[in-house]
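# Working through the structure, step by step
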Amino acid sequence: MKLLLLMAMAVLPAALPVRAGNPIVPGVGLTDPFVIIYGDRAFVYATHDFSPAHQGFLMKDWWVWSSTDLVHWKQAGTLQPEATFLRRPFDECWGTSAASQHGRYYWYFSAGPTQIGVVEAGSPVGPWTDPLGKPLVPKVLTPTEERDPAILMDDDGKDYLVYGTFHYFIARLNADMVSLAETPRPVKLDREFGPYGAGKTDDKP
């Protein structure tokens, strides 16, 4: 009997590795996701559609999801617009980015297509506070839509904010990570390409 059992076990297929699906969180509309690794955990900072039944862009807050294996994800935090400089409910909680410096965590977010804000916390999932009480990048600061922030952490230790739609801008951040050390400058591209044909970029730098 033991021999038969061992023979049966020998022909059983090895356990297949668990793989993530597409989307990574079924039934949840995570949009404009930004992924960053802190320690042994991955965090997704994203916005999301408020209702699958809604035909437009109705986004009432921002989410943080986390995972230790990139397969199983758990919602770990929420940023309400009332906790930001907006101080009120808001339906255009758009694309985000995140960074960490000096033991603090910073979450950069689009308040619609016209302003970029920042909040900070002592952990990757909050609770979040708005250190400025105003936008980091206010309306009409540059000739582009002030949205879709991305953080570039350069090898020389300097940190930059990049943002824009079709025309991108970059500005070095101060050491506090919540203020600009310079006036935003246009990003010069050696190639321009995107889904709209040659010579045309897109909205996420």
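In this section: the overall build of the protein chain. Scanning the protein chain for helices and strands turns up 1 helix and 11 strands. Going residue by residue from the N terminus, the α and β elements of the protein chain occur as α-β-β-β-β-β-β-β-β-β-β-β. Considered along the principal axes of its C-alpha atoms, the protein chain spans approximately 80 × 45 × 45 Å. Counting only residues that meet the buried cut, the protein chain has 40% of its 205 residues in that class.

By the criterion of burial, strand β5 (residues 93-101) is predominantly enclosed, with 7 of the 9 residues buried. Across 7 bridges, the pairing between β5 and strand β6 (residues 104-111) is antiparallel. Within the sheet, the bridge partner assigned to Q101 lies in β6 and is R104. Hairpin remark: β5 followed by β6, antiparallel, with 2 residues in the connecting loop; positive phi at H102, about 55°.

If you look at the biggest cluster of nonpolar residues, it comprises 21 residues, and the most contacted ones within it are Y38, Y45, W62, L79, W107 and W128. Of all the elements in the fold, those that place two or more residues in this core are β1 (30-38), β2 (41-48), β3 (62-67), β5, β6 and β7 (115-121). Sorting elements by how many residues they give to this core places β6 first, with 4 residues. A99, V118, Y163 and F169 belong to the second-largest nonpolar core, a separate cluster that totals 14 residues.

One open sheet accounts for 4 strands, arranged β1-β2-β3-β4; its pairing is antiparallel. Among the strands making up the open sheet, the edge pair consists of β1 and β4 (74-79). Geometrically, the sheet is characterised by an average inter-axis angle of 25° between neighbouring strands, direction not taken into account. In this sheet, β2 lies alongside β1 in antiparallel orientation, the contact comprising 7 bridges.

It is worth spelling out the pattern of salt bridges at this point. As enumerated under the stated definition, the model contains 7 salt bridges in all. The shortest N-O distance in the salt bridge between K60 and D91 comes to 3.1 Å. Placement of K60 in the loop between β2 and β3 and of D91 in the loop between β4 and β5 is noted, with a sequence separation of 31 residues between them. Residue classification places K60 among the partly exposed residues on the basis of a relative accessible area of 31%. Residue class for D91 comes out partly exposed when judged on its relative accessible area of 36%. A salt bridge links D190 to R191, with the shortest nitrogen-to-oxygen separation between them at 3.2 Å. Each member of the pair D190 and R191 is classed as exposed.

Here the focus is the sheet that holds β7. Taken together, the 3 strands give an open sheet; going across it, the order is β5-β6-β7, and neighbouring strands pair in antiparallel fashion. Strands at the two margins of the open sheet, each flanked by one partner only, are β5 and β7. Averaged over neighbouring strand pairs, the angle between their axes works out to 20° when direction is ignored.

This part covers the environment of R19. Within the secondary structure, R19 is located in the loop between α1 (2-11) and β1. With relative accessibility at 67%, the residue R19 sits in the exposed group. Through-space distance from the C-alpha of R19 to that of W73 is 12 Å; in sequence the pair is 54 residues apart.

In this section: unusual backbone geometry. Here N22 and P23 are connected by a cis peptide whose omega angle stands at 15°. Mapped onto the elements, P23 comes out in the loop between α1 and β1. A cis amide bond, omega 5°, links G126 with the succeeding residue P127. Mapped onto the elements of the fold, P127 is located in the loop between β7 and β8 (150-153). The backbone phi angle of D32 is positive, close to 45°, even though this residue is not glycine. With respect to the secondary-structure elements, D32 resides in strand β1. When its relative accessible area of 30% is taken as the criterion, D32 is described as partly exposed. Positive phi, close to 60°, is recorded for R87, a residue that is not glycine.

The rules we used
Every residue gets a number counted from 1 within its own chain, in the order that chain's sequence is written. Where totals are concerned, whole chains, interfaces and linings use all residues; where local detail is concerned, this predicted model gives features only for residues with pLDDT of at least 70, and gives and counts side-chain atom pairs only at 80 or more. For side-chain calculations, the full set of non-hydrogen atoms in the structure is used, while hydrogens and water are omitted. The numbering of helices and of strands both runs from the N terminus, where a helix is a DSSP run of H or I of at least 4 residues and a strand a run of E of at least 2. Exposure is judged per residue with a 1.4 Å probe applied to protein chains only, and the accessible area is read against the type maximum: over 50% gives exposed, under 20% gives buried, and values in between give partly exposed. Strand pairing is defined by DSSP finding a minimum of two bridges between the two strands. The definition of a nonpolar core used throughout is a set of buried Ala, Val, Leu, Ile, Met, Phe, Trp, Tyr and Cys residues joined through side-chain atoms within 4.5 Å. Here, axes are lines fitted to C-alpha atoms. For helices the fit covers the stretch in contact, and angles between N-to-C directions go from 0 to 180 degrees. Think of a salt bridge as a Lys or Arg side-chain nitrogen and an Asp or Glu carboxyl oxygen that are within 4 Å of each other.

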